[in-house]
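Tertiary structure, described
Letter by letter, the chains look like this.
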Amino acid sequence: MAMREIHVNDVRSTVERMCLDAAYELPADVRDALGAAEHREVSPVGKRTISLLLENAVVARSDRVPMCQDTGTAVLFAEIGQDVHFIGGSFRDAVNRGVSTAYTQGFLRPSIVGRPIGTRVNTGDNTPAVLHIDLVAGIGVRLTLLAKGGGAENMSRMRMLT
């Protein structure tokens, strides 16, 4: 099998688009599920809440603003074919440049500190991303993004030991 070359600029632009889409776009299956739930809902408050979620998704998409104030930690899962060669720089740097561009130019909330133990200074661009790399057979690259927000942990308790 032949080697495939992929320029890291393609990685950067793909990661940037993925971050912005995660913040601005509600997938059709989720939108459809919310629409169906709104029709089934019997509680007026529940029905109105779902309606507001759907309205928020329309505004986010049309105005290119985040659906939620917590735009999350960028967690990327990369399945990289063993016959892929990245050119033009580092794969990891390209991922982080894509995240940085999306979070700064897309006005997404930065919430990552560069050194959790030590200085604890916000990086201002949500880098570094959490990157999981899996080497697989072939010449393809598959990227999956999880914008992991902290909302589910709002009611939990955590303590940082410095």
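Look above for the structure.
Residues numbered from 1 in each chain as written. Predicted model: local features only at pLDDT ≥ 70, side-chain atom pairs only at ≥ 80, totals over all residues. Heavy atoms only, no water.

This model, assessed by the stated rule, comprises five salt bridges. Between R12 and E16 there is a salt bridge; the shortest N-O distance is 3.0 Å. Separated by four residues within a single helix, R12 and E16 lie in helix α1 (residues 8–24), roughly one turn from each other. For R12, a relative accessible area of 23% gives the class partly exposed. Overall, the relative accessible area of 17% leaves E16 in the buried class. Between E25 and R61 there is a salt bridge; the shortest N-O distance is 3.0 Å. One end of the pair, E25, is in the loop between α1 and α2 (28–40); the other, R61, is in helix α3 (residues 44–63), and 36 residues separate them in sequence. Salt bridges linked by common partners bring R17, D21, E25, R61 and R64 together as one network. (Salt bridge = Lys/Arg side-chain N within 4 Å of Asp/Glu carboxyl O. Helix = DSSP H or I, 4+ residues; strand = E, 2+ residues; numbered from the N terminus. Buried < 20%, exposed > 50% of the residue type's maximum accessible area, 1.4 Å probe, protein only.)

Turning our eyes to something else, we now look at the pairing of strand β3 (residues 84–87). Covered by surrounding structure in β3 are V84 and F86 only, the residues H85 and I87 on the alternate face being uncovered. Where strand β1 (residues 4–7) and β3 come together, four bridges link them in parallel fashion. Its bridge partner being in β3, I6 is matched across the sheet by F86. (Pairing = 2+ DSSP bridges.)

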